[in-house]
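As a plain string of letters, each chain reads:
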Amino acid sequence: MALRNIFKEGEPILRRVAREVGGIDERVVTLLDDMRETMIKADGVGLAAPQVGVSKRIIVIKPDAESDEIVEMINPVISEQSGVQVGVEGCLSVDSSKNCKIARPMRLKIEYTDRNGVRHSEYALGFKARVICHETDHLNGILFIDKEYRGR
Ligand code: NI
């Protein structure tokens, strides 16, 4: 495993729509390992492949502060969403002075493939739903600062 450089706001790759992963090969497995390590080292709760300079539809999330569990998602798709939550977000690719409130769905259904090629379909709530939305936005070239919530 190796740490990867985290690309910052202004890098064009963060504004690109990432490519679907066609097959899970050694490069994808190594990328997943490196993304886990890079996210932990940076004390983040989520990381998307474009943030480490790879335009592929891959995210890793660490959605529970009380647990070390990390979920890897290849080709994630949000297929349902409902409710709303407003909370402050930040991003490893954006200076923390730009942290701001963002509205996200409270609940969603996420479908993704794991590193073994198994497709999953799960529901996520609250903070986990927020992290999934933030990271899947990265795969579409969207940063949270594009969506600042200005309500009250
Ligand atoms: Ni981010």
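A count of helices and strands for the protein chain gives two helices and seven strands. Going residue by residue from the N terminus, the α and β elements of the protein chain occur as α-β-β-β-β-β-β-β-α. Since a compact globule built from 152 residues should have a radius of gyration of about 15 Å, the 14 Å found for the protein chain is in line with a globular shape. Its C-alpha atoms put the protein chain at 45 × 35 × 30 Å along the principal axes.

Our focus in this paragraph is the coordination of the nickel ion. The protein atoms donating to the nickel ion are Cys91 (SG), His134 (NE2) and His138 (NE2), with metal-donor distances spanning 2.1 to 2.3 Å. Donor residues for the nickel ion, ordered by position in the chain, follow C-x42-H-x3-H. Of the two residues, His134 and His138 both sit in helix H2 (residues 126–139), four residues apart, roughly one turn of that helix. As far as the burial class goes, His134 and His138 line up, both buried.

It is worth spelling out H2 at this point. Its 14 residues give H2 an end-to-end C-alpha distance of 21 Å, which sits within 8% of 20 Å, the value for a rise of 1.5 Å per residue. Counted residue by residue, H2 has twelve buried out of 14 residues, so it is predominantly covered. Within the span of H2, buried status applies to Gly126, Ala129, Arg130, Val131, Ile132, Cys133, His134, Glu135, Thr136, Asp137, His138 and Leu139. Two residues or fewer past H2, Gly141 is found with a positive phi of approximately 75°.

Membership of the largest hydrophobic core comes to 15 residues, with the highest contact counts inside it found for Ile59, Ile61, Met73, Leu108, Ile110 and Ile132. Those elements giving two or more residues to this core turn out to be strand E2 (58–61), strand E3 (71–82), strand E6 (107–113) and H2. Ranked by the residues each element gives to this core, the list is headed by H2, at five residues. If sequence neighbours within four positions are ignored, Ile61 has contacts with Met39, Val45, Gly46, Glu69, Ile70, Val71, Met73, Lys128, Val131, Ile132 and Glu135. In this structure, Val21, Met35, Leu47 and Ile70 belong to the second largest nonpolar core, which totals 14 residues.

Another aspect to go through is the layout of surface pockets. Considered as a void within the structure, the largest pocket measures approximately 250 Å³ in volume. Lining the largest pocket are 16 residues, with Val45, Gly90, Cys91, His134 and Glu135 positioned closest to its centre. Elements with a minimum of two residues in the lining of the largest pocket: strand E4 (85–89) and H2. Element by element, the count of residues in the lining of the largest pocket is highest for H2, at six residues. Of the residues belonging to the lining of the largest pocket, the class tally is six nonpolar, six polar and four charged.

Attention shifts here to the pairing of strand E7 (residues 119–125). With seven bridges joining them, E6 and E7 adopt antiparallel strand pairing. Across the sheet, the residue bridging to Glu111 is Ser121, located in E7. Following E6, the chain reverses through five residues before pairing antiparallel with E7; Gly117 in that reversal takes a positive phi of roughly 90°.

Here we come to the side chain of Arg130. Along the chain, Arg130 falls in helix H2. What makes Arg130 buried here is its relative accessible area of 7%.

Before going further, it helps to spend a moment on the sheet that holds strand E1 (residues 46–48). Strand order in the open sheet formed by five strands is E1-E2-E3-E6-E7, and the pairing between neighbours is antiparallel. Each edge of the sheet is formed by a strand with only one pairing partner; in this case those strands are E1 and E7. Going across the sheet, the axis of each strand differs from the next one's by a mean of 40°, ignoring polarity. Docked against the sheet, helix H1 (residues 26–41) engages E1, E2 and E3, running at close to 35° with respect to E2.

Criteria and thresholds
Residues numbered from 1 in each chain as written. Predicted model: local features only at pLDDT ≥ 70, side-chain atom pairs only at ≥ 80, totals over all residues. Heavy atoms only, no water. Helix = DSSP H or I, 4+ residues; strand = E, 2+ residues; numbered from the N terminus. Rg over C-alpha atoms; globule rule 2.2 N^0.38 Å. Donors = N, O, S within 2.8 Å, 3.2 Å for Na, K, Ca; no water. Buried < 20%, exposed > 50% of the residue type's maximum accessible area, 1.4 Å probe, protein only. Expected span 1.5 Å × (residues − 1). Core = buried A, V, L, I, M, F, W, Y, C linked by side-chain atoms within 4.5 Å. Contact = heavy atoms within 4.5 Å. 1 Å grid on protein atoms, 1.4 Å probe; cavity = no way out; pocket = protein on both sides within 12 Å on 5 of 7 lines; lining within 4 Å. Points joined across faces, edges and corners; volume = space filled by probe spheres on them. Nonpolar A, V, L, I, M, F, W, Y, C, P; charged D, E, K, R; others polar. Pairing = 2+ DSSP bridges. Axes fitted to C-alpha atoms, helices over the stretch in contact; angles between N-to-C directions.

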